[in-house]
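Analysis of the macromolecular model
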Amino acid sequence: MTTPSPALHAQLRPVIGAQWVNFGLCVALLAVAFALRHGISPAVWIRSTIILLVSLFMLLCGMQMRRGRRSAYVRAKWIAALGTIGFVGVAALPGPFPAWMRIEQGAQALVFLALAWMLTRPKLAQFFPRVKAPIHAGVANPSADTSARDASFDYLRAFIVLLVLLHHSVLAYAVMWPTQPGTFNILPAPIVDPSRWAGFDLLVIFDDTFFMALMFLLSGLFVWPSLERKGGAEFLRNRFLRLGVPFAIAAGILMPLAYYPSYAVTGADPGFLAYARAWLSLGFWPGGPAWFIWLLLVFDAVAAGLHMLRHRWAANMQVARHVGGYGSSTAFVAVLLVVSALVYVPMELVFGADRWLTLGPFSFQASRPLLYATYFLVGLGLGATGTECGFLARNAGLAQRWPIWISAGLAAYALRLAIIIKLVLPVAGAHQPLPLAPRLLNDLTFILCCGAISFAFIALFRRFAIAHYSVFDSLSAGSYGMYLIHYPVVIWLQFALLAAAPGPIAKGSVVFVGAVALSWGIVAALRRVPSIARLL
């Protein structure tokens with residue numbers, strides 16, 4: 001809390017003045033709505049009431065800021081930034097609001113834009129300093145001190161995020177999907193382009209075998225050192241801020257925006273209320289790729305619990321130190337493959353490989369949570385021993401034998417493709433259930449690919465990603481944010497290219513390059529705001 005001063009009050013005077021202007025616009029809006037009450041829709045009353053309550057809350061934040069409360073300052077900045085986007089949306093997008101209200105909402109957007117500018121001025125921000133700079137860990141990659149960070153894991157994490165963007169960019173052009181459905185539904189490929197290329201199926205299968213498991217392993221690597229520095233309670237507070245809040249924003253705002261093109265191609269009523277009714281009629285709230293965020297938060301909470309029981313956990317950590325610090329990489333991966341098969345194959349036999357379970361915005365692939373938990377715990381154990389010792393060290397067998405690991409990963413993938421082409425596809429094409437023996441072979445080759453390819457990429461990056469480069473540091477710092485916001489960008493680009501003439505390879509390339517450029521640029525701009533940078 002900052003001690004109030006005349007200088008602070010002087011800096012806040014235009015901010016509070018703008019807040020009163022906003023309150024006046026809200027009162028005027030309600031007065032006009034009351035005068036025209038017989039000819040307006042309920043949406044006008046709902047919107048007017050909500051923004052009146054928000055304006056009152058903003059005034060309360062203004063009074064608290066005059067007393068030096070940093071929390072009120074942070075809330076006011078968030079409301080100003082998000083409110084600007086909301087007012088612009090109401091003023092510009094189709095909806096049930098009359099023209100006079102759109103004009104008023106445009107005026108309020110200008111007021112909120114002015115508030116966002118005033119609240120982010122350095123002269124005002126200096127009165128509300130952070131108590132201490134946050135220590136970032138997990139899936140985010142800030143670049144405040146790149147010289148002290150290991151480039152290999154940062155760059156590998158950024159590379160996997162790029163693979164996620166590529167994966168989603170080409171889904172619309174893979175042959176594996178049926179034609180675009182005529183009714184609105186949530187599918188793995190929200191947009192299905194008539195132009196397809198079988199080569200994208202190979203890429204999609206390759207990605208799906210390993211990249212999310214590897215993301216969980218990389219996310220677990222630095223969890224234990226972070227717990228040692230912060231303690232369980234502070235670690236969980238930081239993880240809730242870094243994971244819980246972005247998940248809520250992604251699921252609550254970005255995913256409805258992302259899936260609108262999938263609704264629009266059905267030819268249904270394009271209005272906002274019609275889309276909202278179709279969305280709510282789904283029976284659940286699709287979270288899209290944000291499922292990774294909430295599941296990682298659950299794993300982090302489990303890790304914090306283990307840390308609190310660290311005296312009992314110490315013996316198990318000694319086992320991890322022995323295997324990770326002194327054992328061979330081949331033996332370690334072999335044990336991982338056996339454990340992975342034990343936790344994955346029974347789940348796949350019960351639920352199937354493609355079934356998703358949902359509860360509101362929380363969803364996960366039913367056969368894989370224990371597999372992902374295994375990889376996260378592997379990362380947790382390896383991180384507890386340190387990444388510069390054992391087989392993860394740059395001079396150890398994993399990095400030095402990277403050609404062997406790359407060959408093993410490619411061989412495992414070739415074997416998986418052979419099983420799919422020879423045994424799985426003929427049965428799937430006949431619309432018959434897969435017999436037990438081919439199903440087990442398919443599951444086991446999936447597990448083999450998951451372990452072999454994951455450690456092949458770790459070996460490759462440990463061997464060659466040594467020096468820091470500014471462009472890669474920037475990409476690494478923004479990779480978490482890019483993961484969060486890329487999905488609507490990808491789907492809207494695919495939607496825009498539906499009627500375009502180029503073939504599937506050209507379309508997939510345009511979507512991927514556009515998604516990377518737009519996501520990277522948006523995140524870089526957002527990270528210039530300190531409060532947002534704490535989340536991204």
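Up top you'll find the structure we're talking about.
Residues numbered from 1 in each chain as written. Predicted model: local features only at pLDDT ≥ 70, side-chain atom pairs only at ≥ 80, totals over all residues. Heavy atoms only, no water.

**Focus on the overall build of the protein**
A count of helices and strands for the protein gives 21 helices and two strands. The C-alpha atoms of the protein give 26 Å as radius of gyration, which agrees with the globular expectation for 536 residues (24 Å, within 12%). Summarising its shape, the C-alpha atoms of the protein cover approximately 75 × 55 × 40 Å along the three principal directions. Considering only contacts in the protein between residues 6 or more positions apart, those separated by 24 or more positions represent 80%. Total accessible area computed for the protein in this model is approximately 24,200 Å², and 71% of it derives from carbon and sulfur atoms. Put simply, the protein has 39 plus and 17 minus side-chain charges, and the middle of one group is 12 Å from the middle of the other. (Helix = DSSP H or I, 4+ residues; strand = E, 2+ residues; numbered from the N terminus. Rg over C-alpha atoms; globule rule 2.2 N^0.38 Å. Contact = heavy atoms within 4.5 Å. Areas by Shrake-Rupley, 256 points an atom, 1.4 Å probe, with all protein chains shown as cover. Lys, Arg positive; Asp, Glu negative; His and termini not counted. Charge placed at Lys NZ, Arg CZ, Asp CG, Glu CD.)

**Quick look at the packing of helix H10 (residues 232–264) against helix H12 (residues 291–308)**
Look at H10 against H12: their axes get within 9 Å of each other, and the N-to-C directions meet at 175°. It follows that H10 is roughly antiparallel to H12 by the angle criterion. On the side of H10, the interface is formed by Gly232, Ala233, Phe235, Leu236, Arg239, Phe240, Leu243, Gly244 and Phe247, while H12 contributes Ile293, Trp294, Leu296, Leu297, Asp300, Ala301, Ala304, His307 and Met308. When grouped by side-chain class, the residues that make up the contact of H10 with H12 number 13 nonpolar, three polar and two charged. (Axes fitted to C-alpha atoms, helices over the stretch in contact; angles between N-to-C directions. Parallel < 35°, antiparallel > 145°, perpendicular 65-115°, else oblique. Nonpolar A, V, L, I, M, F, W, Y, C, P; charged D, E, K, R; others polar.)

**Quick look at the packing of helix H8 (residues 211–221) against helix H9 (residues 223–230)**
Axis separation between H8 and H9 bottoms out at 5 Å; the angle between their running directions is 30°. On the basis of their axis angle, the class for H8 and H9 is roughly parallel. Contact residues: Ser219, Gly220 and Leu221 in H8; Val223, Trp224 and Pro225 in H9. Residues that form the contact of H8 with H9 fall into these classes: four nonpolar, two polar and no charged.

**Some points on the environment of Ala258**
Structurally, Ala258 can be placed in helix H10. Owing to a relative accessible area of 0%, Ala258 belongs among the buried residues under this scheme. (Buried < 20%, exposed > 50% of the residue type's maximum accessible area, 1.4 Å probe, protein only.)

**Focus: the nonpolar core**
Ranked by size, the top nonpolar core spans 121 residues in total, and within it Ile160, Phe184, Phe210, Phe216, Phe292, Phe455 and Ile458 carry the most contacts. Apart from residues lying up to four places away in sequence, Phe184 is in contact with Tyr259, Ser262, Tyr263, Thr266, Tyr275, Ala278, Trp279 and Leu282. Residues Cys26, Met65, Ile79 and Phe127 belong to the second largest nonpolar core, which totals 36 residues. (Core = buried A, V, L, I, M, F, W, Y, C linked by side-chain atoms within 4.5 Å.)

**Topic: the pairing of strand E1 (residues 356–359)**
Here is the key point about a regular strand: its side chains alternate between the two faces of the sheet. Sheet topology places E1 next to strand E2 (residues 362–365); four bridges connect them, and they run antiparallel. The partner of Leu359 across the bridge, within E2, is Phe362. Linking E1 back to E2 in an antiparallel pair, the connection comprises two residues, with Gly360 at a positive phi of about 65°. (Pairing = 2+ DSSP bridges.)

**Re the side chain of Arg462**
Along the polypeptide, Arg462 turns up in helix H18 (residues 436–464). For Arg462, a relative accessible area of 1% gives the class buried. Setting aside residues up to four positions removed in sequence, Arg462 forms contacts with Asp150, Ser152, Phe153, Thr387, Glu388, Leu392, Ala393, Arg394 and Ala399.

**Side note on the environment of Val192**
Among the structural elements, Val192 can be located in the loop between helix H6 (151–170) and helix H7 (198–208). C-alpha separation for the pair Val192 and Gln108, spaced 84 residues apart in sequence, amounts to 39 Å. In this structure, Val192 is in contact with Ala172, Trp177, Pro178, Thr179, Gln180 and Leu498, ignoring residues within four places of it in sequence.

**Concerning the state of the cysteines**
Throughout the structure, instances matching the rule amount to zero disulfides. Between Cys26, a free cysteine, and Cys61, which holds the nearest cysteine sulfur, the sulfur-to-sulfur gap is 14 Å. Looking at Cys26, the relative accessible area reads 1%, which means it is buried. (Disulfide = S-S within 2.5 Å.)

**Looking at helix H15 (residues 369–385)**
Count 3.6 residues to each turn of an α-helix, and residues three or four apart come out pointing the same way. An ideal rise of 1.5 Å per residue puts 24 Å on 17 residues; H15 measures up with 25 Å between its terminal C-alpha atoms. Along H15, 15 of the 17 residues are buried, which leaves the element largely enclosed by surrounding structure. Immediately beyond the C-terminal end of H15, within one or two residues, lies Gly386, with a positive phi of roughly 95°. (Expected span 1.5 Å × (residues − 1).)

**Thoughts on the pattern of salt bridges**
Summed over the entire model, instances satisfying the criterion amount to seven salt bridges. Residue Asp150 pairs with Arg462 through a salt bridge whose shortest N-O separation is 2.6 Å. With Asp150 in the loop between helix H5 (122–125) and H6 and Arg462 in helix H18, this pair connects stretches of sequence that are 312 residues apart. In terms of burial, Asp150 and Arg462 fall into one category: buried. Residue Lys507 pairs with Asp193 through a salt bridge whose shortest N-O separation is 3.0 Å. One end of the pair, Lys507, is in helix H20 (residues 504–526); the other, Asp193, is in the loop between H6 and H7, and 314 residues separate them in sequence. With relative accessibility at 3%, the residue Lys507 sits in the buried group. Taking the relative accessible area as the measure of exposure, Asp193 reaches 1% and is therefore buried. Within the structure, one salt-bridge network assembled from shared partners comprises Asp150, Arg394 and Arg462. (Salt bridge = Lys/Arg side-chain N within 4 Å of Asp/Glu carboxyl O.)

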